Structures are given as structure tokens and as C-alpha cells.
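# Coordinate inspection notes
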Amino acid sequence: MSGMVWEERERASLLPYKEEIATLAQSLKGVLGADVIVVDKYLNRIVNTFHYLYNSADIRINSVVGNIVTTQKLQMIYDRKYFTDCVNCPDYTTCELGGVFGTPIFSGEECIGAVAFLVAPNQVVAFQQKQTPIIDFLRQISVLISEMVQNESRSGMLTG
């Protein structure tokens, strides 16, 4: 892989934007009342506003958020009690979430991570009732993060 291509791929990483993404996630949590998680393409937590009482609930390839990165598709888990992958998860009995709404983050054609709202059990009905605007909003957040990464990458290519 040439040096230029490698540098461009490294610039498409979310880690350098951790502070900006954390600020955005905290703002979203304040406005929506739902927690936010952002992971990179390697399933590392970049930002997580949710703090588990009982365990850390690792992000796995077959977890809901991991599946967003793997399939590069939107995931809407309205209620984890009725979603097979959640029921089969080794953390199911200690999981404190009610549902998850998430979307991939792209840089060009490459999926560089995912952003998701983590919905508490007492919020599931409210999120179900507002699913369309919530998903549209989540997609816009994904685009915003993507544009932040791409703009910085373009800027670096112009100056470097």
C-alpha cells in the first residue's frame, strides 16, 4: 500500500476526533435523553455516554452496534426482548438497555464506524413512536461526523 493511501486511510479514523464527538454525544444525550455510543471500524468505543452498573458489555462483531459496522446498515432494535440476537447475547441477563437505534458512519465508500442511541427500557415506547424523525436525525449525525473526518482529511492532503 503506498504511503499516500495509508495516510488517507489513517486520516479516516474516528480516534483523532474523540473530543469533538464526545461533545456532540453529550449534547445529544442532553437533548434526547438517550445515551450515545460511537465506535470505530475496529469496534473500539470512541465515545460512550452510558455507564453500566453491572458490566461493560463489550462491543462484539455480532452485537447490535458491531452488526452496524459489519453489515454497514441501519439497525433498529425497538425492544431487545423481541430481538433474537439480543436474546442470544451472553450479556442478555445483565444488559441494562431497552433498545438500540444505530447507523454506520462512512468516509467515502468505507465504513469507519457507527453511531447509536442506547435506549433505556422506560424509553422504548417513546422512541418507537418517534422512530422516523429519530432515525433521520441519527443519519444526519452520522453524516456530520463523516464530513468532519473527510474535511480534515482533505485539508491534510492540501497542506501536506
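Right above here is the structure, for reference.
Please read these numbers as outputs of a predicted model, since none were measured by experiment. (Residues numbered from 1 in each chain as written. Predicted model: local features only at pLDDT ≥ 70, side-chain atom pairs only at ≥ 80, totals over all residues. Heavy atoms only, no water.)

### Concerning the overall build of the protein
Counting its secondary structure elements, the protein contains six helices and five strands. Counting helices and strands in the order they occur from the N terminus, the protein gives α-α-β-β-α-β-α-β-β-α-α. Per-residue burial over the protein gives 43% buried out of 160 residues. Contacts spanning at least 24 positions in sequence make up 60% of the contacts within the protein whose residues lie at least 6 apart. (Helix = DSSP H or I, 4+ residues; strand = E, 2+ residues; numbered from the N terminus. Buried < 20%, exposed > 50% of the residue type's maximum accessible area, 1.4 Å probe, protein only. Contact = heavy atoms within 4.5 Å.)

### As for helix H2 (residues 18-32)
In this model, H2 (15 residues) spans 20 Å end to end at C-alpha, consistent with the 21 Å of a helix rising 1.5 Å per residue. All of the buried residues in H2 are Ile21, Leu24, Ala25 and Leu28. One face of H2 carries all of its buried residues, which in axial projection span an arc of 100°. Turned more than 90 degrees from where H2 packs its buried face, Glu19, Thr23 and Gly30 sit exposed. Immediately beyond the C-terminal end of H2, within one or two residues, lies Gly33, with a positive phi of roughly 75°. (Expected span 1.5 Å × (residues − 1). Arc of directions from axis to C-beta.)

### Topic: the environment of Leu118
Structurally, Leu118 is set in strand E5 (residues 110-119). Its relative accessible area of 4% is what places Leu118 among the buried residues. As a C-alpha pair, Leu118 and Ala34 span 84 residues in sequence and 6.0 Å in three-dimensional space.

### Details of the side chain of Asp35
Looking at where Asp35 falls in the secondary structure, it is placed in strand E1 (residues 35-40). Side chain to side chain, Asp35 and Lys29 meet in a polar contact 2.9 Å long. Residue contacts for Asp35: discarding those within four places in its chain leaves Lys29, Thr49, Phe50, Ala116, Phe117 and Leu118. (Polar contact = N/O pair within 3.5 Å; in protein donor to acceptor, adjacent residues only side chain to side chain.)

### As for the side chain of Gln123
On the secondary structure map, Gln123 appears in the loop between E5 and helix H5 (124-129). Assessed through its relative accessible area of 16%, Gln123 is described here as buried. From its side chain, Gln123 meets the backbone oxygen of Gly33 in a polar contact 2.5 Å long. Not counting the four nearest positions on each side in its chain, Gln123 is found in contact with Leu32, Gly33, Ala34 and Leu118.

### What to know about the packing of aromatic side chains
All chains considered together, the criterion is met by two aromatic pairs. Consider the rings of Tyr78 and Phe101, whose centres lie 5.7 Å apart with planes at 75°: the pair is edge-to-face. Taken as a pair, Tyr78 in the loop between strand E3 (75-77) and helix H4 (84-87) and Phe101 in strand E4 (residues 99-107) lie far apart in primary sequence, 23 residues in all. When its relative accessible area of 1% is taken as the criterion, Phe101 is described as buried. Plain terms: the ring middles of Phe101 and Phe127 are 5.7 Å apart, the flat faces sit at 40° to each other, and that makes the pair tilted. (Phe/Tyr/Trp six-rings, centres within 6.5 Å; stacked < 30°, edge-to-face > 60°.)

### Describing unusual backbone geometry
With a phi close to 70°, Leu43 is a non-glycine residue in the positive phi region. For Leu43, the location among the structural elements is in the loop between E1 and strand E2 (45-48). Relative accessible area serves as the criterion here: at 15%, Leu43 is assigned to the buried category. With a phi angle near 60°, Gln72 is a residue other than glycine that sits in the positive phi range. Residue class for Gln72 comes out partly exposed when judged on its relative accessible area of 37%.

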